[in-house]
Amino acid sequence: MPKLSEDPPQPVAADDIAGLFRARREPMARLAYVLTGNSQASDEIVQDAFLKMHGNWERIANPVGYLRTAVINGCHSYHRHVAVERRAPVARQRVAISVTDEISDALAKLTYDHRAVLALRYFCDLNDFEIADILNIRPGTVRSRIHRALAQLRKEIPQ
Amino acid sequence: MNTPTLEDQLRSHYVSKADELRLPPLEFEELLADSDRGVVVSITSSPRGHRGSWWVAAAAVAAVAVGGLAVIQGRDTPSNTPAATQPSEQLSPPATASTIGLFPAGDAAAVVAQAYQTPASVATAYLADRTSGANLPTGYTATATTGEVVTVDESRALVKFFLEVDGDEGTDSSDGIVQVEQVRDATGSTGWVVTAASVVTMEIKDLSYIDGHLLGNFASGWGTTQLTVLDAATGAVLATRSGTPAPPDAETPPDQLIDVADLAAPSVVVRAWRTPTATFSETLISAGQQSVVGGWTPLAALAYPEQQASFAGSPVSALDSLAMGETFKANTPVDVTVEASKAGEKFCISASIAEVSGSGCFDLEMIALGTAAISLDPDASERVLVAGIVPDAVISISEGSTIIQPTQNLWFMVTDAQPHSFNIANADGTKAVKLAIG
């Protein structure tokens, strides 16, 4: 029976959180970065996830899964934090010129939930069940979110 | 030259974006040391801590919203810190020990007065009431459609229904059963009353109601379960609690402890809505009863009696041997994937055909029935894909001259979209169940 899982859980010794940090810090930060676009915040989200994991190490059966969930939740918190900051009044606004592309613009219009499922599917190459596990939702909900997110992107991006 | 698909564009975008990231060198020991010195500034909440905070907040809101009502306690997770159980007798009406069912409420005379003369009519009215806005979790709408009526005996029947729930997560649907009974008043007039209802697979275990103390376990499942205890005679809410999401790293969803003291109602109803899954259940219990099992299991036992003599005890060897999270795929003309769930107690089957996909998760008890299956109708009712999980004892799934042998506990069939009845049988045919599709 062929195995399909493209990203099987990596066995990690219980005392090797430092090794896990070396191996997974960058992939997790890359995931955080595609969701936040902020390198410093991404690094901090991942560091925070590792510190939280360190405090719960004995109780975590699947460290990589735990990290993914922590990073996704951390990015969600970051977006709420940013949204609050943006709603706050500012005395002066600096005009920023940035180079963006259609996909970035279209992704920015999606909800965080939709951006998260797309990143987990098309960046992390996770299947419905793995994404459902990370987001604590049903696989059917994963599919519907992906479907809706792609549909919205198609509206935004001329094909 | 082919235009890249949107999915391919997304993959390229993510890789390109991620390549922009540059991280400064850092070892975990340094991170820990910095953390001890307070250098690391966290901008996030712990997944566990965040959800715990949310849960406690939700419980507090519920307690405030219902005033002096009792709060149903939870357990098994750090976040499920039991809230104080408060007496609720001031809200209970004087005892009227003659309440019969869930709907219409009241004694035999009250039921007969409502004049529901058929199982279908009372089930339809009941479901319309329970799917009305006031009885639904906030933010959800629901529609229930009644279907087949199964006669149990001369005074009992079951009405199957189909529930669709729409909320933030999209639309979800499930099968359900309403149990109805015919009652007779002092004059000999009759009417029908709903006595239990559940959507697959909402379960309640070991419910007891002794000396005003309601105690039991509710299988919470994944998602958020909103529990309510009501006076069966008046419909008054006696206790409520909402917001019990299982933490993402929990191996199994915790049961919810129902623990409400100092109840004065002669009969109470335990109602549960779980979201975002379309799941609902109501169970009635009267003072003095104990070890009551409610929810889907007892109703399914009545609705599908032929399935009770199924394949209990037969293992599901091929799937049992899967590691957690491992998947395998049948090499078939259609894409069929099966994956063990994270809890290790449920197995999920996912199937797709012509870009239409669906999935279902089943515990071992359901798989032992032999009828754990999903069906997909991909193209305007021309074809249907049926895929199922069976225990080792099942060696054939047949319909007429078509016989399928399961492969490693899996079977599937693509056939015309007409009603089908598959015979699922063991080696010598001594055990067999029917699976009806369409």
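Remember, predicted model here, so these are calculated numbers, not experimental data. (Residues numbered from 1 in each chain as written. Chains lettered and ligands numbered in written order. Predicted model: local features only at pLDDT ≥ 70, side-chain atom pairs only at ≥ 80, totals over all residues.)

**Student:** Explain the overall build of chain A residue by residue, including any values.
**Tutor:** On a plain count of helices and strands, chain A comes out with 7 helices and 0 strands. The helix and strand sequence of chain A, counted from the amino end, reads α-α-α-α-α-α-α. Counting the 159 residues in chain A, one finds 44% classified as buried. Put simply, of all contacts in chain A between residues at least 6 apart along the chain, 63% involve residues at least 24 apart. (Helix = DSSP H or I, 4+ residues; strand = E, 2+ residues; numbered from the N terminus. Buried ≥ 20, exposed ≤ 12 C-beta atoms within 10 Å, placed from the backbone. Contact = placed C-beta atoms within 7 Å.)

**Student:** Quick rundown of unusual backbone geometry? Include the residues and the values.
**Tutor:** Residue and element names in this part refer to chain B. With an omega of -10 degrees, the peptide bond running from Phe103 to Pro104 counts as cis. For Pro104, the position within the fold is in the loop between α3 (47-65) and α4 (108-114). Look at Asp211: it is not a glycine, yet its phi comes out positive at around 50 degrees. Among the secondary structure elements, Asp211 is positioned in the loop between β5 (203-210) and β6 (213-218).

**Student:** Pulling in residues and values, what's your account of the nonpolar core?
**Tutor:** In terms of nonpolar packing, the biggest core is built from 78 residues, with Ala32, Ala49, Val71 and Ala119 of chain A together with Ile367 and Ile389 of chain B touching the most fellow members. Top contributing element to this core by residue count: helix α1 (residues 17-36) of chain A, with 9 residues. Here Ile389 of chain B is in contact with Val316, Leu319, Phe347, Ile349, Phe362, Ile367, Ala372, Asn409 and Leu410 of chain B, once residues within four sequence places are set aside. Grouped together as the second largest cluster of nonpolar side chains are 57 residues, Ile100, Val111, Val112 and Tyr116 of chain B included. (Core = buried A, V, L, I, M, F, W, Y, C linked by C-beta atoms within 7 Å.)

**Student:** Which residues make up the pairing of strand β4 (residues 190-199) of chain B, and what values do they have?
**Tutor:** All names here are of chain B. Of all 10 residues that make up β4, 8 are buried, and the element is covered over most of its length. Bridge analysis of β4 against strand β11 (residues 279-286) gives 3 bridges, and the strand direction is antiparallel. Note on β11: the bridge partner recorded for Ser198 is Ser281. (Pairing = 2+ DSSP bridges.)

**Student:** I'd love a proper account of the sheet that holds strand β22 (residues 420-426) of chain B, names of residues and values included.
**Tutor:** Residues and elements named next belong to chain B. Pairing within the open sheet is antiparallel, and its 4 strands lie in the order β20-β19-β22-β23. With one partner strand each, in any of the chains shown, β20 (402-404) and β23 (432-437) form the two edges of the open sheet. Taken over all neighbouring pairs, the strand axes of this sheet differ in orientation by 25 degrees on average, direction set aside. Inspection of the sheet shows strand β19 (residues 394-399) paired to β22 by 4 bridges, in the antiparallel sense. Each residue of the ladder has a partner; that of Val394, found in β22, is Asn426. (Axes fitted to C-alpha atoms, helices over the stretch in contact; angles between N-to-C directions.)

**Student:** I'd like to hear about the environment of Ile403 of chain B, residue by residue, with values.
**Tutor:** Residues and elements named next belong to chain B. Topologically, Ile403 is positioned in strand β20. Classification of Ile403 as exposed rests on a count of 12 C-beta atoms within 10 Å. Through-space distance from the C-alpha of Ile403 to that of Phe422 is 9.4 Å; in sequence the pair is 19 residues apart. Apart from the residues within four sequence positions on either side, Ile403 is in contact with Ser396 and Ser398.

**Student:** Give a detailed account of the pairing of strand β8 (residues 237-241) of chain B, specifying residues and quantitative values.
**Tutor:** Residue and element names in this part refer to chain B. Most of β8 sits inside the fold, with 4 of its 5 residues counted as buried. For strand β7 (residues 224-231) and β8, the ladder comprises 4 bridges, and the chain directions are antiparallel. Counted as the bridge partner of Thr228 is Thr240 from β8. Where β7 folds back onto β8 in an antiparallel hairpin, the turn is made up of 5 residues, including Gly235, whose phi is positive at roughly 80 degrees.

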